[in-house]
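What follows is the residue order along each chain.
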Amino acid sequence: MKSAVMPPGGTRMIENGTILYNTKEFVDSDGNELPISTTNALGNRTIIGYVTERKILGANYNPAVIVVFANQVIRPVPNSEKDFQLGDSVIQPLALGWHVGEWHTTASYALFLPTGRFNVGAPNNTGKGLYSNLFTAGTTWLQEDPLPWAANVQLRYETFGKQDDTDIRPGEVMTVEVGVGKEVTAGFDLGLLAFASFQTSREQGSAAGTDTSKYRFYGVGPEINWRPRSVPGFQAAIRVGFEFDSRNTSQGTGAILSLAYGF
């Protein structure tokens, strides 16, 4: 609901997010739902960031490091073994945040590092075995009111390098996220989220195989945020996404519990 609102300069931030993804089916390119054994993927990410006092182009500057642990890749392979290991880590050298009245805008660049385990053909990889670049831009409207409404739209675009030990280069991915909600009582927000993620180009490389169809998935769900008065700077958030109309990928339900503290 408010993801493009960057904290003020001088703020240090720690966030821990626990992600659970459950799937019971794979959807092919024709929309046929193919049942698979129930698969659960668990991930945990820790974000450490700092919003500096320095201004760049009139915006606050927020570098960050993200460390990920997972027991499977985020889009899991059916029946794969579960083994909690380090996933792909992220360095965010650049994130800028502007504030103009009720409008808040961010733009950022992040580099994914192949620190997760990757073996060709293994069903329990926790990394993608490649470097990738993520570009993000978003805008939040936050009403100036004691119990404000908020609306947010965010775009993410990811490009990929070639995979370790193969010459496969995955197709580029665009993700659109939107959210709207209201602070119903002091420190407590209720809202709705929606997202769409799809490949804009096909997988490349001689090892990619004959079927390089692009994938996509959509989702909707609730969002709840809580900021207790007794612990200034702390926020707990729960977001749930129910996927639908997927193609060439798994389809299921994802949930994230986020605990963040700014000081």
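Preceding this paragraph is the structure being described.
None of these values were measured; they are calculated from a predicted model.

## A word on the packing of aromatic side chains
Under the defined criterion, the tally for this structure stands at 5 aromatic pairs. Pairing Tyr 109 with Phe 135 gives two aromatic rings, centres 5.3 Å apart and planes at 40°, and the pair type is tilted. In this pair, Tyr 109 is assigned in strand S8 (residues 103–113) and Phe 135 in strand S9 (residues 132–142), connecting sequence segments 26 residues apart. By relative accessible area, which is 23% here, Tyr 109 ends up partly exposed. Their ring planes at 20° and their centres at 5.5 Å tell us that Tyr 261 and Phe 263 sit as a pair that is stacked. By relative accessible area, which is 47% here, Phe 263 ends up partly exposed. A connected cluster of aromatic rings, assembled from ring pairs, spans Phe 195, Tyr 215 and Phe 217.

## Focus: the side chain of Asn 248
Looking at the element boundaries, Asn 248 is found in the loop between strand S14 (234–247) and strand S15 (249–262). A distance of 2.9 Å separates a polar side-chain atom of Asn 248 from the backbone oxygen of Lys 214. Sequence-distant contacts of Asn 248, that is, excluding residues within four places in its chain, are made with Phe 26, Val 27, Asp 28, Ser 29, Ser 213, Lys 214 and Tyr 215.

## Some remarks on the side chain of Thr 136
Inspection of the secondary structure puts Thr 136 in strand S9. Judged by its relative accessible area of 10%, Thr 136 falls in the buried class. Among all residues touching Thr 136, those that are not within four sequence positions of it are Thr 106, Ala 107, Ser 108, Gln 154, Leu 155 and Arg 156.

Criteria and cut-off values
Residues numbered from 1 in each chain as written. Predicted model: local features only at pLDDT ≥ 70, side-chain atom pairs only at ≥ 80, totals over all residues. Heavy atoms only, no water. Phe/Tyr/Trp six-rings, centres within 6.5 Å; stacked < 30°, edge-to-face > 60°. Helix = DSSP H or I, 4+ residues; strand = E, 2+ residues; numbered from the N terminus. Buried < 20%, exposed > 50% of the residue type's maximum accessible area, 1.4 Å probe, protein only. Polar contact = N/O pair within 3.5 Å; in protein donor to acceptor, adjacent residues only side chain to side chain. Contact = heavy atoms within 4.5 Å.

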